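So you can see what is in the structure, the chains are spelled out below.
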Amino acid sequence: MEKTIFEKIIDREIPASIVYEDDNFLAFLDIKPKKLGHILVITKKPYRNFLSTEDEVLGEYFSVVKKVANAVKNSLKADGINIVINNEPAANQEVFHTHTHIIPRFVNDNLDLSPGTHEEYSNPEQMEEYKEKIISAL
Ligand code: AMP
């Protein structure tokens with residue numbers, strides 16, 4: 001079966017701004033961030049989505065999600081965090097490999113979480129700055 005884009009990131013076939021990695025999970029900056037600093041935490045094992053992810057994996061997975069979410073919140077001085085999991089196209093899932101979105105939120109940021117809208121890093125250096133800030137809080 002054709003690899004998903006996330007398997008290619010795991011296998012280092014395409015680049016990503018990785019902030020966290022262990023034997024089972026990987027976290028990196030989303031290239032179309034809802035807010036700058038938006039992170040995806042993925043399982044290394046390629047489940048189609050959260051609904052088909054084995055129960056045995058979820059405890060450790062959500063510990064990593066929590067750890068990264070706190071690092072995003074602290075390093076970016078966010079007021080809050082959205083943790084979002086899309087399952088199946090009807091629910092806006094585009095990449096069929098288990099992932100959780102961690103989105104920093106700020107009071108009155110008026111963020112629209114509907115599909116199609118996102119922010120842009122002004123240049124690769126800015127993306128690198130966000131990556132380094134988050135890493136330093138982990
Ligand atoms: P979903 O709609 O929940 O399946 O989210 C998939 C996410 O993957 C989207 O937010 C995309 O912007 C993100 N994405 C797709 N390709 C890449 C990539 N190469 N590097 C980082 N994020 C990506």
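About the thresholds
- Residues numbered from 1 in each chain as written.
- Predicted model: local features only at pLDDT ≥ 70, side-chain atom pairs only at ≥ 80, totals over all residues.
- Heavy atoms only, no water.
- Salt bridge = Lys/Arg side-chain N within 4 Å of Asp/Glu carboxyl O.
- Helix = DSSP H or I, 4+ residues; strand = E, 2+ residues; numbered from the N terminus.
- Buried < 20%, exposed > 50% of the residue type's maximum accessible area, 1.4 Å probe, protein only.
- Contact = heavy atoms within 4.5 Å.
- Near = heavy atom within 4 Å.
- Polar contact = N/O pair within 3.5 Å; in protein donor to acceptor, adjacent residues only side chain to side chain.
- Areas by Shrake-Rupley, 256 points an atom, 1.4 Å probe, with all protein chains shown as cover.

Peer 1: Residues and numbers for the pattern of salt bridges, please.
Peer 2: This structure, assessed with the given rule, holds 10 salt bridges. A salt bridge links E119 to K35; the shortest N-O distance between them is 2.9 Å. Taken together, the residues E119 in the loop between β5 (99-105) and α3 (124-136) and K35 in the loop between β2 (25-29) and β3 (39-43) connect sequence positions 84 residues apart. K35 gets classed as buried once you look at its relative accessible area, which sits at 13%. Each of the salt bridges in this network shares a partner with another, and the network as a whole consists of K3, D11 and E13.

Peer 1: Describe in detail the environment of V64, supporting the description with residues and values.
Peer 2: With respect to the helices and strands, the residue V64 is situated in helix α2 (residues 55-76). Taking the C-alpha atoms as reference, V64 lies 17 Å from F6; in sequence the two are 58 residues apart. The residues touching V64, leaving out its near neighbours within four places in the chain, are Y20, D22, F25 and V41.

Peer 1: Break down the site of the ligand for me, citing the residues and quoting the values.
Peer 2: As a matter of local geometry, the ligand sits amid 17 residues, with D30, N92, E94, H99 and H101 nearest to it. Here a nitrogen atom of the ligand sits 3.3 Å away from a polar atom, N or O, in the main chain of I31. Here an oxygen atom of the ligand sits 2.6 Å away from a polar atom, N or O, in the main chain of E94. For the ligand, whose free accessible area comes to 500 Å², the fraction covered by protein is 87%. Sorting the residues of the shell around the ligand by element identifies α1 (5-10), β2 and β5 as the ones contributing at least two each.

Peer 1: Explain the environment of V41 residue by residue, including any values.
Peer 2: In this structure, V41 sits in strand β3. V41 gets classed as buried once you look at its relative accessible area, which sits at 0%. For the pair formed by V41 and E94, sequence separation is 53 residues and the distance between their alpha carbons is 15 Å. Beyond its immediate sequence surroundings of up to four residues, V41 is in contact with L26, A27, Y61, V64, V65, V68, T98, H99, T100 and I102.

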